[in-house]
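Chains, contacts and geometry: an overview
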Amino acid sequence: MELIGRRWTGAIVAVLLADGPLRFSELKSEVPGLSDRVLTQRLRELEAEELVERAVHPGPPLRVEYALTPKGVELQPVVRALESWGQRWMSCGADGAPKADAARSTSAS
């Protein structure tokens, strides 16, 4: 729980769930605001916990991709539940009532 709760980790896992194996630069571009240093740290932590695997494809050019392991893929229901919760509460005020913009977009549908 501590690892997944760390800043950016959930976003990295969510992107890998949605897009599959990605190169470092692709991951970085999918998570705005994420620095190279922090992405490197989080990927190493996820590798250490066997949630992400790093595959080196020889080459020229040498290519490195990151993908979720089967253990990492098992986080999908948790990540989807958190995304759903976030979307629901982003459209509500502190009292739980829909915000004016969310109510308008819901009623316009």
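The coordinates are above.
Everything in this summary refers to the structure shown in the same document. Because the structure is predicted, anything quoted here is derived from the model rather than measured.

**Some details on helix 3 (residues 36–48)**
Taking 1.5 Å per residue, 13 residues should reach 18 Å; helix 3 reaches 18 Å between its end C-alpha atoms and fits that length. Those residues of helix 3 that sit buried are V38, L39, R42, L43 and L46. What you see down the axis of helix 3 is that its buried residues fit within an arc of 130°, all on one side. Counted as exposed and oriented over 90 degrees from the buried face of helix 3: R37, R44 and A48. The inward-facing, buried residues of helix 3 contact helix 1 (9–19), helix 2 (24–30), strand 2 (52–57) and strand 3 (63–68).

**Structural notes on the nonpolar core**
If you look at the biggest cluster of nonpolar residues, it comprises 22 residues, and the most contacted ones within it are I12, V13, L16, L27, L43, L46 and V52. Those elements that place two or more of their residues in this core are helix 1, helix 3 and strand 3. Examining the composition of this core, we find that six residues originate from one element, helix 1, more than from any other.

**A few points about the packing of helix 1 against helix 5 (residues 76–90)**
Helix 5 packs onto helix 1 with a crossing angle of 110° between their chain directions and a minimal axis gap of 10 Å. On the basis of the axis angle, helix 1 is roughly perpendicular to helix 5. Where helix 1 crosses over helix 5, the handedness of that crossing is left-handed. Counting all contacts with helix 1, which are made through V13, A14, L17 and A18, the residues of helix 5 involved are Q76, V79, R80 and E83. Here the contact of helix 1 with helix 5 is composed, by residue class, of five nonpolar, one polar and two charged.

**Quick notes on the environment of P32**
Along the polypeptide, P32 turns up in the loop between helix 2 and helix 3. Distance from P32 to A11, taken between C-alpha atoms, is 9.9 Å for residues 21 residues apart in sequence.

**Here we look at unusual backbone geometry**
Leaving glycine aside, a negative phi is the common case for residues, and trans is the common case for peptide bonds. In this chain, P60 is followed by P61 through a cis amide linkage whose omega measures -10°. Among the secondary structure elements, P61 is positioned in the loop between strand 2 and strand 3. At W8, a position not held by glycine, the phi torsion is positive, near 80°. Residue placement: W8 occurs in the segment before helix 1. Although it is not a glycine, E50 adopts a positive phi angle of roughly 60°. For E50, a relative accessible area of 54% gives the class exposed.

About the thresholds
Residues numbered from 1 in each chain as written. Predicted model: local features only at pLDDT ≥ 70, side-chain atom pairs only at ≥ 80, totals over all residues. Heavy atoms only, no water. Helix = DSSP H or I, 4+ residues; strand = E, 2+ residues; numbered from the N terminus. Expected span 1.5 Å × (residues − 1). Buried < 20%, exposed > 50% of the residue type's maximum accessible area, 1.4 Å probe, protein only. Arc of directions from axis to C-beta. Contact = heavy atoms within 4.5 Å. Core = buried A, V, L, I, M, F, W, Y, C linked by side-chain atoms within 4.5 Å. Axes fitted to C-alpha atoms, helices over the stretch in contact; angles between N-to-C directions. Parallel < 35°, antiparallel > 145°, perpendicular 65-115°, else oblique. Left-handed = near helix turned anticlockwise from the far one by under 90°. Nonpolar A, V, L, I, M, F, W, Y, C, P; charged D, E, K, R; others polar.

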